[in-house]
Amino acid sequence: MRGVSVVGVGMIPFGKYTEKTLADLGWPAVKAAIADAGIEPRRIEAAYCGTALGGMMAGQRILGRIGLTGIPVANIENACSSSSTALRQGVMAIRSGEYDVVLVIGVEKLTKFGGGTLPLEEEDWEVSQGLVMPALYAMRARRYMHEFGLTSAQLAKVSVKNRSHGALNPDAQMRTPVSSEEVLASRLIADPFTLLQCCPTGDGAAAIILCAASIAKEFRSEAIRIRASDLTSGKYVSGFRDMTVPEITVRGAREAYEEAGLGPEDVDVAEVHDAFTIAELLYYEAFGFCAHGDAGAFLESGATSLGGSIVVNPSGGLLAKGHPIGATGAAQAVEIVRQLRGEAGARQVEGARVGLTHATGGGISGFDHGACSIHIFSR
Amino acid sequence: MAIDTSLTLQAPPESTPILLPGDALAKGDRGEPLLIGGRCTSCGERMFPRHPVCPSCMGEDIVSETMPRRGTLYSYSVVHVGPKKWNKPFALGYVDLANSLRVFSHLLLADLEIGSAMELDVAEVGRESDGTPIVSFVFKRVEA
């Protein structure tokens, strides 16, 4: 199987761009990735565009703006895993030998919905009964607190950590640090979550240029290798499910580690799907960074903060960098590539050699999540 | 037991019942609300709501089965955001029934606690934009 390298990354700062179209969010990220790779645009043979709510032909709308047309373009929807799924499609296309160079895009404009909770599929029966994403994660949090004694103060510390990381990231939507007191005093959303324990609504775009590892030196002297590219879907269960164990991520992590020939002890930096505070804690455990039930103490030990042994969400994560859902997976990859190149500035994880990204997607009945895509990168 | 699947229950005359697949809401002999799920005659898989096909073996011979009216609260949240139609705040939770199925449901707000005994009821859970009440099944805490 051919190796795949990342030779270009770009993104726009996540935020609220109510006056811009989806296409106008997307093209600057693509152009930045092309410039970063130092590649002739005509070398790009195909494009994979992930968006969840961006409507039809998002990729063509973006690429039409900059004349990158006439190539195969596939638009991919997988909820919050849309652009991480697009990344995997790009990886597979290069591995197969079909193409040598491809473009991956993630893009979303959530401000068009005017704020509030993410609109979910009304045909789903739990959604028809009132399910909203904060409630789903809140039920996980409450059960975890019940079983393992996690406290509200520990939950709040996830936001404190990620907001402190986001303050160092010029591409983050939320760039001011917050204290535990501020987190806990913000208004209730779905108990135990207050507003500052929920990812913000926003817009964004990110892009990645992939190529066959054998030609990466044509573009960059230090290309980043993709060591694992995993996608899985949730398992439908009609009865009991342990909500303190994110089954889909546990399974995906095992598959990704096996594909990479690496384990949790090898990972220096991780961008995980912290849509709500509890999620980051569950994912420490799912990725094997700490034992089941120990995530609160692990967070408090400082291990996952900048300067710690396994830095989680140095970009600020979804809580601070923002979560324009279809753009998230691609933006996570942008961050990890910058970290492994040593280009992350004030939030640089010193000596980072191995990093991973993780995006889950979908709140639908019977599933832990609908989708989960994990990538492992190395220098 | 005679099962009436008319969905009218104790709903006010001008209310909108939530549409559920498979005539999921019914009432029993004494007028009590019942949830109707399904059981696959090929593999025995139980489901709620009842679907026309089995998620375990793809069998299409699914019979109706009345669900236990009581269960245990697995987890819950009191929610202050979400679509306009829901009365706020509203409580949501998962209730584990004795037949090992898990039901997602609105909950009556009083005295919620993980592990407590819950019983099926029917209540207004929201209002349409024209003010029409929305009525659905709910679970409420009861003495174990």
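Residue numbering note: each chain is counted from 1, following its sequence as written. The order in which chains are written sets their letters, starting at A; the order in which ligands are written sets their numbers, starting at 1. Local features are withheld for residues below a pLDDT of 70 in this predicted model, meaning they are given only at 70 or higher, and side-chain atom pairs are given and counted only at 80 or more; totals for whole chains, interfaces and linings count all residues. As a rule here, side-chain values come from all non-hydrogen atoms in the structure, and water together with hydrogens is ignored.

Visitor: Describe the overall build of chain B, and please don't skip the residues or the numbers.
Guide: Comment: elements are numbered from the N terminus, with helices defined as DSSP H or I runs of at least four residues and strands as E runs of at least two. Counting secondary structure elements, chain B contains zero helices and 10 strands. Listed N to C, the secondary structure of chain B is β-β-β-β-β-β-β-β-β-β in terms of helices and strands. Throughout, exposure labels follow a simple rule: accessible area from a 1.4 Å probe, protein chains only, divided by the maximum for the residue type, with under 20% read as buried, over 50% as exposed, and the rest as partly exposed. In chain B, which comprises 144 residues, the share counted as buried stands at 49%. Within chain B, counting contacts between residues at least 6 apart in sequence, those at least 24 apart form 48% of the total. Entry remark: accessible area of chain B is about 6700 Å², with carbon and sulfur atoms responsible for 49%. Whether two residues touch is decided by their heavy atoms; if any such pair falls within 4.5 Å, the residues are in contact. To measure how exposed things are, a 1.4 Å probe is used in the Shrake-Rupley method; for residues, cover is taken only from the protein chains shown.

Visitor: Give me the lowdown on the domain arrangement of chain A, citing residues and values where you can.
Guide: Residue and element names in this part refer to chain A. Domains are outlined according to an automatic or database domain assignment. You can read the domains of chain A as domain 1 (4–113 + 202–224) and domain 2 (125–200 + 228–378). When each unit is reduced to the centre of its C-alpha atoms, the spacing between domain 1 and domain 2 is 23 Å. Across the contact, 41 residues belong to domain 1 and 39 residues belong to domain 2. In short, buried area is how much 1.4 Å probe accessible area vanishes from two parts on joining, totalled over both. With both chains or domains summed, domain 1 and domain 2 bury close to 3000 Å², and 64% of this area falls on carbon and sulfur atoms. When the buried surface of domain 1 facing domain 2 is broken down by residue, Phe14, Cys80 and Ile224 rank first, second and third, together holding 25% of it. Ionic pairing is found between Arg341 and Asp36, a salt bridge with its closest N-O pair at 2.9 Å. Counting of polar contacts relies on pairs of N or O atoms within 3.5 Å, with two restrictions inside protein: one atom must be capable of donating a hydrogen and the other of accepting it, and residues adjacent in sequence are counted only when both atoms are side-chain atoms. Linking domain 1 to domain 2 there are 12 residue pairs in polar contact (both at pLDDT 80 or more). Mapped by element, the contributors of at least two residues to the side of domain 1 that touches domain 2 are strand 1 (4–11), helix 3 (82–95), strand 4 (101–109) and strand 7 (203–212). By definition here, a salt bridge exists when the distance from a side-chain nitrogen of Lys or Arg to a carboxyl oxygen of Asp or Glu is within 4 Å.

Visitor: Which residues make up the nonpolar core, and what are the values?
Guide: Throughout this description, the term nonpolar core refers to a set of buried Ala, Val, Leu, Ile, Met, Phe, Trp, Tyr and Cys residues connected via side-chain atoms within 4.5 Å. Among the nonpolar cores identified, the biggest contains 90 residues, and Ile278 and Phe289 of chain A together with Phe139 of chain B are the most heavily contacted of them. Per-element tally for this core: the top contributor is helix 5 (residues 133–148) of chain A, with nine residues.

Visitor: Give me the lowdown on the sheet that holds strand 4 of chain A, citing residues and values where you can.
Guide: Hydrogen bonding along the main chain pairs the strands of a sheet, whether they run parallel or antiparallel. Residue and element names in this part refer to chain A. Two strands qualify as a pair provided that DSSP identifies no fewer than 2 bridges between them. Within the open sheet, the 10 strands sit side by side as 3-2-4-7-1-8-12-11-9-10. Their pairing is mixed. The open sheet terminates on both sides in strands that have one partner only, identified here as strand 3 (73–76) and strand 10 (311–312). Examined bridge by bridge, strand 2 (residues 46–50) and strand 3 share four bridges and lie parallel to one another. Each residue of the ladder has a partner; that of Gly50, found in strand 3, is Ile76. On top of the sheet, helix 3 reaches strand 1, strand 2, strand 3, strand 4, strand 7, strand 8 (224–233), strand 11 (354–361) and strand 12 (371–378); it is set at about 120° to strand 8, its chief contact. Angular values range over 0 to 180 degrees, each being the angle between N-to-C directions of two axes fitted as lines to C-alpha atoms, with helices fitted over their stretch in contact. Here helix 12 (residues 328–341) sits on the sheet in contact with strand 1, strand 4, strand 7, strand 8, strand 9 (269–271), strand 11 and strand 12, set at roughly 110° to strand 1.

Visitor: Residues and numbers for the interface of chain A and chain B, please.
Guide: Between chain A and chain B, the residue contacts involve 32 residues of the former and 37 residues of the latter. Surface buried jointly by chain A and chain B totals about 2700 Å² across both partners, of which 60% is contributed by carbon and sulfur atoms. Where chain A packs against chain B, one counts one salt bridge. For Glu122 of chain A, the salt bridge goes to Lys85 of chain B, with nearest N and O atoms at 3.7 Å. For the side of chain A that touches chain B, the secondary structure elements donating two or more residues are helix 4 (125–128), helix 5 and strand 5 (188–190) of chain A.

Visitor: Any chance you could break down the pattern of salt bridges for me, citing the residues and the numbers?
Guide: Residues and elements named next belong to chain A. For the structure on display, the rule yields 27 salt bridges over all chains. Two residues, Asp24 and Arg65, come together in a salt bridge whose shortest N-O distance is 2.9 Å. With a gap of 41 residues between them, Asp24 in helix 1 (residues 22–37) and Arg65 in helix 2 (residues 58–65) connect regions that are remote in the sequence. Residue classification places Asp24 among the partly exposed residues on the basis of a relative accessible area of 25%. Across the pair Asp368 and Arg140 runs a salt bridge, and its minimum N-O distance is 3.4 Å. One end of the pair, Asp368, is in the loop between strand 11 and strand 12; the other, Arg140, is in helix 5, with 228 residues separating them in the sequence. The same class applies to Asp368 and to Arg140, which are both buried.

Visitor: Tell me about the packing of aromatic side chains, and please be specific about residues and values.
Guide: Stacked, tilted and edge-to-face are the three classes assigned to paired rings of Phe, Tyr and Trp, where Trp is represented by its six-membered ring and a pair needs centres within 6.5 Å; plane angles under 30 degrees give stacked, over 60 edge-to-face, the rest tilted. With the rule as written, the count across this model stands at 13 aromatic pairs over all chains. On the basis of an interplanar angle of 80° and a centroid distance of 6.4 Å, the ring pair of Tyr257 of chain A and Phe287 of chain A is categorised as edge-to-face. In this pair, Tyr257 of chain A sits in helix 8 (residues 247–260) while Phe287 of chain A sits in the loop between helix 9 (277–286) and helix 10 (295–300), placing the two residues 30 residues apart along the sequence. Taken as a pair, Tyr257 of chain A and Phe287 of chain A share a single burial class, namely buried. Pairing Phe48 of chain B with Phe137 of chain B gives two aromatic rings, centres 6.0 Å apart and planes at 85°, and the pair type is edge-to-face. Here Phe48 of chain B is found in the loop between strand 4 (46–47) and strand 5 (62–66), whereas its partner Phe137 of chain B is found in strand 10 (residues 133–141), with 89 residues between them in sequence. Taking relative accessible area as the criterion, Phe48 of chain B reaches 5% and is therefore assigned buried. An aromatic cluster is defined as three or more aromatic residues linked by ring pairs; in this entry it consists of Trp125 of chain A together with Phe48 and Phe137 of chain B.

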